[in-house]
Amino acid sequence: MITNAYIVAFCISALLSIFYVFVWKKHYNTSITVQYILIPVILIGYIFYSKATDFNTAKIANCLKYIGGCYLIFFSTLTIFNLCDIKINKWIRIFSFLINSFFYGCVLTIGYQSFFYQEFSIQNSLGGVRVLKQYGPVHTVFYGVVIFYFLISITAIVYSYIKKKQVSDYILTMLFLPEILAVIGYFSNAFIRSEFELLPFAFVLAQFFNLLIIKRMSLYNISENVVESMVQTGEIGFISIDKRMRYLGANETAKDIIPELRELSLDQDVSKVEELNKTVNHWITHFEKSQEESELKNDINRVKYVKRGQDRSLDKSSKNTSNKSGSNAEDDSSIIGSTENLKHSLETGKFDDIDDDRIYLVDIAYLYDGEKQCGYQILINDDTANQKYIELLDNYNEALEDEVKEKTKHILEMHDNLILSMATMVESRDNSTGGHIRRTSCVVKMLIDEIMKDNVFGLSDEFCLDIIKAAPMHDLGKIAVRDSILTKPGRFEPEEFEEMKTHAAKGAKIVHDILKDTDDESFKIIAENVAHYHHERMDGSGYPEGLKGEEIPLEARIMAVADVYDALVSKRVYKESFSFEKAHEIMLESMGMHFDERLKPYYLKARPKLEAYYKSIDQESENS
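All of these numbers come straight from a predicted model, not from anything done at the bench. (Residues numbered from 1 in each chain as written. Predicted model: local features only at pLDDT ≥ 70, side-chain atom pairs only at ≥ 80, totals over all residues. Heavy atoms only, no water.)

Chemist: Help me understand the pairing of strand E7 (residues 372-382) in this model?
Modeler: Side-chain positions along a regular strand alternate between the two faces of the sheet. Among the 11 residues that make up E7, eight are buried, leaving the element largely enclosed by the rest of the structure. In this sheet, E7 lies alongside strand E3 (residues 236-242) in antiparallel orientation, the contact comprising seven bridges. Counterpart to Gly-237 in the pairing with E7 is Ile-380. (Buried < 20%, exposed > 50% of the residue type's maximum accessible area, 1.4 Å probe, protein only. Helix = DSSP H or I, 4+ residues; strand = E, 2+ residues; numbered from the N terminus. Pairing = 2+ DSSP bridges.)

Chemist: Would you take a moment to explain the packing of helix H18 (residues 461-470) against helix H22 (residues 521-533) for this structure?
Modeler: Packed helices, taken two at a time, are described by the angle between their axes plus the distance between the axes. Interhelical geometry of H18 versus H22 gives an angle of 45° and a closest axis separation of 9 Å. For the element pair H18 / H22, the angle class is oblique. Seen from above, H18 lies across H22 with right-handed handedness. Judged by residue contacts, Glu-462, Phe-463, Asp-466, Ile-467, Lys-469 and Ala-470 of H18 engage Ser-522, Phe-523, Ile-526, Ala-527 and Val-530 from H22. Classifying every residue of the contact of H18 with H22 gives seven nonpolar, one polar and three charged. (Axes fitted to C-alpha atoms, helices over the stretch in contact; angles between N-to-C directions. Parallel < 35°, antiparallel > 145°, perpendicular 65-115°, else oblique. Left-handed = near helix turned anticlockwise from the far one by under 90°. Contact = heavy atoms within 4.5 Å. Nonpolar A, V, L, I, M, F, W, Y, C, P; charged D, E, K, R; others polar.)

Chemist: How should I be thinking about the pattern of salt bridges in this particular structure?
Modeler: Side chains that differ in sign of charge can pair as their charged atoms come close. According to the stated counting rule, one finds 21 salt bridges in the structure shown. Between Glu-252 and Arg-262 there is a salt bridge; the shortest N-O distance is 3.0 Å. One end of the pair, Glu-252, is in helix H9 (residues 252-257); the other, Arg-262, is in the loop between H9 and helix H10 (274-278), and 10 residues separate them in sequence. With a relative accessible area of 37%, Arg-262 lands in the partly exposed category. Here Asp-566 ties to Arg-439 by a salt bridge, and the two come within 2.5 Å at their closest N and O atoms. Placement of the pair is Asp-566 in helix H23 (residues 554-569) and Arg-439 in helix H17 (residues 436-454), with a sequence separation of 127 residues. Of the two residues, Asp-566 and Arg-439, neither departs from the other in class, the shared state being buried. (Salt bridge = Lys/Arg side-chain N within 4 Å of Asp/Glu carboxyl O.)

Chemist: Just checking my understanding: could you explain the packing of helix H4 (residues 90-107) against helix H5 (residues 137-163) for this structure?
Modeler: It is the contact of H4 with H5, at a shortest axis distance of 11 Å, that shows an interaxial angle of 145°. Crossing of H4 over H5 shows left-handed handedness. Between H4 and H5, the contacting residues are Ser-96, Asn-100, Phe-102, Phe-103 and Cys-106 on the first element and Val-138, Val-141, Phe-142, Val-145 and Tyr-149 on the second. Considering only residue class, the contact of H4 with H5 consists of eight nonpolar, two polar and no charged.

Chemist: I tried to follow the nonpolar core on my own but got confused; where do I start?
Modeler: One broad trend across soluble globular proteins is that nonpolar side chains are buried collectively. The biggest cluster of nonpolar side chains holds 53 residues, and the ones touching the most others in it are Leu-38, Tyr-104, Val-107, Phe-116, Phe-142 and Tyr-186. Broken down by secondary-structure element, the contributors of at least two residues to this core are helix H1 (2-23), helix H2 (30-50), helix H3 (55-83), H4, strand E1 (117-125), H5, helix H6 (169-192) and helix H7 (199-220). The dominant element in this core, judged by the number of residues it contributes, is H3, at 12 residues. Among all residues touching Val-107, those that are not within four sequence positions of it are Cys-63, Tyr-66, Cys-70 and Phe-116. (Core = buried A, V, L, I, M, F, W, Y, C linked by side-chain atoms within 4.5 Å.)

Chemist: What is the right way to read the side chain of Asp-566 from this model?
Modeler: You can call Asp-566 buried: its relative accessible area is 0%. Engagement of the side chain of Asp-566 in a polar contact is seen with the side chain of Arg-439, the distance being 2.5 Å. Setting aside its immediate chain neighbours within four residues, Asp-566 contacts His-436, Arg-439, Thr-440, Arg-572 and Tyr-614. (Polar contact = N/O pair within 3.5 Å; in protein donor to acceptor, adjacent residues only side chain to side chain.)

Below you can see the structure in the form of structure tokens.
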């Protein structure tokens, strides 16, 4: 009966471990992963221990059982400290591991030495086989160590519950319950000495609670979000809210804009905080309403202008800063100020003295965990100066023309920076192309500079600028490629390469979706072509469409030269960098087959600059 109970516990544990493998993500804590490996092994020990009929079987099974006391409790404690955001010194971790290893070494001496077990033997009786044990002095010390681990773990949980607002009460509860059950299970058997042990079932419950924890922790991992590269600059505020309006986190910029976020605990309902109910909850409610009313019913960003002063509620500021289609003279005067102030602002270019209102541009989108909608992501950009320009433009159009152009330039630069940030984020997943987008962009510019000197292709300045701007987007499709393939440290298998090749078509789709609302139709076409066709070859052997010759857009042909040249002279995980001479030889051999023969003279003219550029990169790397 006891054996059957342990077998059931093992089956459940194995299923939980298998499930963990399927949901595993690379940011999961290593200590949690180790627990899912150790617990099924420990339960095997309990199974064999319960049905042991000879000394050796009982001894080996007992050694497997003690993995829980010696190692599982160590990794469980590390997990608790990590999730409670309490740092443990590296040398303390190493020392603790060695202490636990010492005790496990003592366990392995059963039958040879008496300092851990003074007696360990098998006794046959009418009721079956019993294992007789009498603990030694080291085992008494071992009890003390186990008690110490339990105490510091529970102390860390209680301390975090009281002191740490940025640690979720839900997570702390999920940590506390299995810890208490483990204490009960461990010491009930130590003192009651029953043949049936509760501890294995506490281990299984710990596995279950850990699954609940990692499911929730995935939502807290803001750095995994696509917009991380944008919010790190500090110019854009970022807030994450789950579907039940519970707070998941925010960056410092968002907390500066909405100070109430600093007092908010993780998982706290934002709708129950008055100021946040007027702002964050109001924005999300409006966003959901717009999604319901949209004919497309999609989940792309819905851009709104939300205007609020430092001492004004959202409703009041929205009223005072409404656009001219719904505002009156009194409302306008409350935001813009007097005519004299307007004239002074136009003359000086300073708007801070009009009033203390700040105007923010807010983007809201769904937050995803894989393919599942799990909440909302809110991006807040201070757009005060731009909005005040627009207000002033109603009465002072001619005087503000230069300022509007400058502001438009700033917006375009911001747009380009956001695209570059996304490309950089994608590149960070690919361990073989560090700095690739920056280098290829520079190579494209050098080639364009040489082409424009005689301009036999009849290129416009706009075309040249657009291809340089589009170059960083050529590998955006890699965001859709699995990590196991993208980060593989070596050459691809045929089926893996086939999946990798899909990044070109997928990249074109992503670029299309990003730029579909842009007014710059020329740039949109060039960017899509660069992403889609930069792996096509002049002889038709490329992918994804197998285009030949001039069927391949010129911008993609130029990008191909830059892409391949960088791949040749740069180090990859599957090869060392080629010398400039070897790379030059390959480039020339590929002219007419891989590359457009008409680009050859421009490559040759740019070659000295290319080699000087890559030498400077190598020098910078050595100096750093």
